[in-house]
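Take a look at the letters that make up each chain.
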Amino acid sequence: MSGPLLAFAAVYLVAVWTPFGQRAENALVVGYADGAWMADASQSWGPPPLIQDLETIAVGLTAIASIALARRRWLAGCTAIVTVLATIAASQVLKNVLLIRPDLVGADDNLVEVSFPSGHVALTAALVAGVALVAPERWRPALAAVGAAWLALTAGAVQALYWHRPSDVFGATLLACAGYRAAHRFLRPGSRPSMPRPLAWTALLPAVAAAATGAGREGTVAGPLVFGSVAWVCSALLWIVIARTEAAPPRHPCPAPPRR
């Protein structure tokens, strides 16, 4: 089992199957969802995928297919599309069918619903990973930075709106990371995406502002601070996986030994 999947299992077990984890996350749900800065936006323009999630998937897959066709990277394009769809499907099956949330602390009814992992965050992270699989090398750092900011905004917002807990967004991000690494290994060495070096950490500064915006709530600091920190860590985690999963050099046949 890969590192991201082991981490996924660990987050689920600690946050969902221990009284400590349940109490810690339940304590963050104070007030009402409309106290979030993104409350009005989530009912009107978005941002996607807070609304129009199916349309977001369609646009994202179209963009991935278009880039792959333009670059004639057929295998990478098909792999990216399958990876996106598999990640989204896995998040829904895990949350709605396979995983459960036992009530270990006598929580209120609104706190016992299964929400691990977050479908919105899995969708966002999967599309960012899919684009990274097909994007040209010179554009990959910029696209990864923009995608990290989008992921931070989404992860912060779903927590501030009380749609999801911090563990939910961690789990969804780890699921997307596992999908990216699996797709990267599947591709032939010569077609695996890589990042130019050096790659500056300043690329994640927009994600800081995005996380703070998405996680903001009226009249409180503690909850948004946790939500924003978790959202930024999620964006940094995906960015690191994309940036550090390097392409293996193509194999060359060993030269024949000289004749004596």
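For the structure, see preceding data.
Quick look at the structure, then. Values in this document were obtained by computation on a predicted structure and should not be read as measured data.

**Here's the deal with the overall build of the protein**
When helices and strands are counted, the protein shows 10 helices and 0 strands. Considering the protein as a whole, with its 260 residues, one finds that 50% of them fall into the buried category. Nonlocal contacts in the protein, meaning residues at least 24 apart in sequence, comprise 83% of its contacts between residues at least 6 apart. Only carbon and sulfur atoms are counted for the fraction: they give 67% of the accessible area of the protein, which is about 13000 Å².

**Some remarks on helix α8 (residues 166–186)**
In this model, α8 (21 residues) spans 31 Å end to end at C-alpha, consistent with the 30 Å of a helix rising 1.5 Å per residue. Where burial is concerned, most of α8 is hidden: 16 out of the 21 residues are buried.

**Some points on the environment of F8**
Inspection of the secondary structure assignment puts F8 in helix α1 (residues 3–16). For the pair F8 and L175, spaced 167 residues apart in the sequence, the C-alpha separation amounts to 7.0 Å.

**Quick word on the packing of aromatic side chains**
One pass over the full model with this rule turns up 2 aromatic pairs. Relative to F116, the ring of F8 lies with its centre 5.0 Å away and its plane at 50°, an arrangement referred to as tilted. With a gap of 108 residues between them, F8 in helix α1 and F116 in the loop between α5 (74–98) and α6 (119–134) connect regions that are remote in the sequence. Residue class for F116 comes out buried when judged on its relative accessible area of 2%. Note on Y12 and F116: the rings are 5.2 Å apart at their centroids and 40° apart in plane angle, and the pair reads as tilted. Placement of the pair is Y12 in helix α1 and F116 in the loop between α5 and α6, with a sequence separation of 104 residues.

**Section: the layout of surface pockets**
Reported here for the largest pocket is a volume of approximately 330 Å³. In terms of lining residues, the largest pocket is bounded by 18 residues, among which N110, Y162, W163, H164 and R165 are the most central. Taken together, the residues of the lining of the largest pocket break down into 9 nonpolar, 5 polar and 4 charged. Reported here for the second largest pocket is a volume of approximately 280 Å³. Looking at the lining of the second largest pocket, the elements that each hand over two or more residues are α4 (53–71), α6 and α7 (140–160). Among the residues making up the lining of the second largest pocket, the classes are represented as 11 nonpolar, 3 polar and no charged.

**What to know about α1**
With 14 residues, α1 should cover 20 Å at 1.5 Å per step; its first-to-last C-alpha distance of 20 Å lies within 8% of that length. Buried positions along α1 lie against α2 (19–26), α5 and α8.

**Topic: unusual backbone geometry**
Put simply, G46 and P47 share a cis peptide bond, and its omega is -5°. For P47, the position within the fold is in the loop between α3 (39–43) and α4. Between F116 and P117 the backbone carries a cis peptide bond, its omega angle lying at -5°. Of note, the phi angle at R72 is positive, near 60°, even though the residue is not glycine. You can call R72 exposed: its relative accessible area is 65%. Phi at Y162 takes a positive value of approximately 65°, unusual for a residue other than glycine. If you trace the backbone, Y162 turns up in the loop between α7 and α8.

The rules behind these values
- Residues numbered from 1 in each chain as written.
- Predicted model: local features only at pLDDT ≥ 70, side-chain atom pairs only at ≥ 80, totals over all residues.
- Heavy atoms only, no water.
- Helix = DSSP H or I, 4+ residues; strand = E, 2+ residues; numbered from the N terminus.
- Buried < 20%, exposed > 50% of the residue type's maximum accessible area, 1.4 Å probe, protein only.
- Contact = heavy atoms within 4.5 Å.
- Areas by Shrake-Rupley, 256 points an atom, 1.4 Å probe, with all protein chains shown as cover.
- Expected span 1.5 Å × (residues − 1).
- Phe/Tyr/Trp six-rings, centres within 6.5 Å; stacked < 30°, edge-to-face > 60°.
- 1 Å grid on protein atoms, 1.4 Å probe; cavity = no way out; pocket = protein on both sides within 12 Å on 5 of 7 lines; lining within 4 Å.
- Points joined across faces, edges and corners; volume = space filled by probe spheres on them.
- Nonpolar A, V, L, I, M, F, W, Y, C, P; charged D, E, K, R; others polar.

Fair warning: the whole summary comes from geometry, so function is off the table for now.
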